Amino acid sequence: MQKLKFLVPISRCLHRNGFVRSFSALPSYTQPDYLQEEEVLVEGRANSRKAILNRPSSLNAVTASMAARLNRLYESWEENSDIGFVMMKGGSQGAFCSGTDVVALYRLLNEGKTEECKAFFESLYKFVYVLGTYLKPHVAIMDGVVMGGGAGISLPGMFRVVTDKTVFSSPEVQIGFHPDVGASYYLSRLPGYLGEYLALTGEKINGAEMMACGLATHYSLKEKLPWIEERLGSLITDDRSVIESSLAQYGSLVYPDGTSVLHEIKKIDSYFCYDTVEEIVEALENKAAESGDKWYATVLNKIKEASPLSLKVTLQSIREGRFQTLDQCLAREYRTSLKFISNKISNDFSEGVRARLVDKDFAPKWGPPKLDDVSDDMVASFFAPLGEVEPELNLPVSVREPDV
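None of the values given here were measured: they were computed from a predicted structure.

Let us look at the packing of helix α15 (residues 308-321) against helix α16 (residues 326-342). The geometry of α15 relative to α16 is characterised by a closest axis approach of 11 Å and an angle of 170° between their N-to-C directions. Accordingly, the angle class assigned to the pair α15 and α16 is roughly antiparallel. Counting all contacts with α15, which are made through Leu 309, Ser 310, Val 313, Ser 317, Glu 320 and Gly 321, the residues of α16 involved are Cys 329, Arg 332, Thr 336 and Phe 340. Tallied by class, residues from the contact of α15 with α16 come to four nonpolar, four polar and two charged.

Before going further, it helps to spend a moment on the sheet that holds strand β9 (residues 205-206). Strands sit in the order β4-β6-β8-β9 across an open sheet of four strands; the sheet is mixed. The open sheet has two edge strands, β4 (95-97) and β9, and neither has a second partner.

What follows covers the packing of aromatic side chains. Here the structure, examined in full by the defined rule, presents 15 aromatic pairs. When the centroid spacing of 6.1 Å and the interplanar angle of 75° are considered together, the rings of Tyr 125 and Tyr 334 count as edge-to-face. With Tyr 125 in helix α5 (residues 114-132) and Tyr 334 in helix α16, this residue pair connects regions lying 209 residues apart in the sequence. Overall, the relative accessible area of 0% leaves Tyr 125 in the buried class. Joined through ring pairs, the aromatic side chains of Phe 120, Phe 121, Tyr 125, Phe 177, Tyr 334, Phe 340, Phe 349 and Phe 382 make up one cluster.

What follows deals with the pairing of strand β5 (residues 138-142). As a general feature of sheets, a regular strand has side chains that alternate between the two faces. For β5, the buried fraction is high: five of the five residues fall into the buried class. Side chains His 138, Ala 140 and Met 142 of β5 all project onto a buried face; the interleaved residues Val 139 and Ile 141 project onto the opposite face, where all are buried too. Where strand β3 (residues 85-90) meets β5, four bridges bridge the pair, whose relative direction is parallel. Residue Val 86 lies in a different strand from β5, and its bridge partner there is His 138. With four bridges connecting them, β5 and strand β7 (residues 159-163) associate as parallel partners. Paired with Ala 140 across the strands is Arg 160, a residue of β7.

Reading the values: rules and limits
- Residues numbered from 1 in each chain as written.
- Predicted model: local features only at pLDDT ≥ 70, side-chain atom pairs only at ≥ 80, totals over all residues.
- Heavy atoms only, no water.
- Axes fitted to C-alpha atoms, helices over the stretch in contact; angles between N-to-C directions.
- Helix = DSSP H or I, 4+ residues; strand = E, 2+ residues; numbered from the N terminus.
- Parallel < 35°, antiparallel > 145°, perpendicular 65-115°, else oblique.
- Contact = heavy atoms within 4.5 Å.
- Nonpolar A, V, L, I, M, F, W, Y, C, P; charged D, E, K, R; others polar.
- Pairing = 2+ DSSP bridges.
- Phe/Tyr/Trp six-rings, centres within 6.5 Å; stacked < 30°, edge-to-face > 60°.
- Buried < 20%, exposed > 50% of the residue type's maximum accessible area, 1.4 Å probe, protein only.

And the structure:
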């Protein structure tokens, strides 16, 4: 355990609080109301509400209509004085949320429905900001798969419960995109350069590792989740300390096992601290040749499978996120996401989704194909203002005051 002493929990960095104000959620652009209700179920108790993500066939991947419904629900619950706290969980056995439904976005883009894609990102990012500034205690039960946007709709909340079945990852660079939905905020606040490592490799970590690095606040065995939910459902309170003690009652003390990547944190800090992806790759290649350690070769293979453009954009995004608030990260990520789906600079997003998730040939043709071909100007264009024609993300910062 000595190797993990430096992994200071980042709960205070991830936890955002604010003052409740009116916030108008975007309407649904793709689903009628009855389908939205099926995708996000609601369970009510005397003093709490629970949102249940309910798309088991797609591991609860978030659609535009789900994001819109979550916005409306959370706004109404925040304003309801009879509700003390809010919960979120996945409805399927094997997943909390596998992220945003990028296949749906891919199909919309192919049909020329770019505006619907933009509306989806706007609604989703606004929900993340609402959650990150939520007045009431929030409990996310992240059992099973937690990928990409699935982390974005849970990690900004106050309490984050993981289990022995939780698997977290940020695999966006593998599909020609970038870690978004607030990822540049929470990944940049992980110990050392762990955030860069997770973002550039898409490496998976489990619940125990999430606890060790501060992504989670509580750990429980999956079999105890019904007890936790029943205990929370019986509470009549808005006191975070009462909720905290209730979660701790069924929690478990856990440490990463001997195979955990967190035991390689010195290596991670030594090689992912460089200013450019090229420098990171070169340093890893030199060490791999010198030492013969398979760890370096494995890491290199994961990086080299990713979109070169996505790698460079992602590294800059994480680095900028270190010095920005949640709202600033979301506004910047929104710009970058719109640049990726526009296909004006590169077709990597559509190509990545096609290769990995649609045709599943796992042979994406990235453009540009090499890191050396990705210019600084190309990367900078993903961070540039959208311009007069395209409105920026408009978050209600003036009426929701985050505790920075």
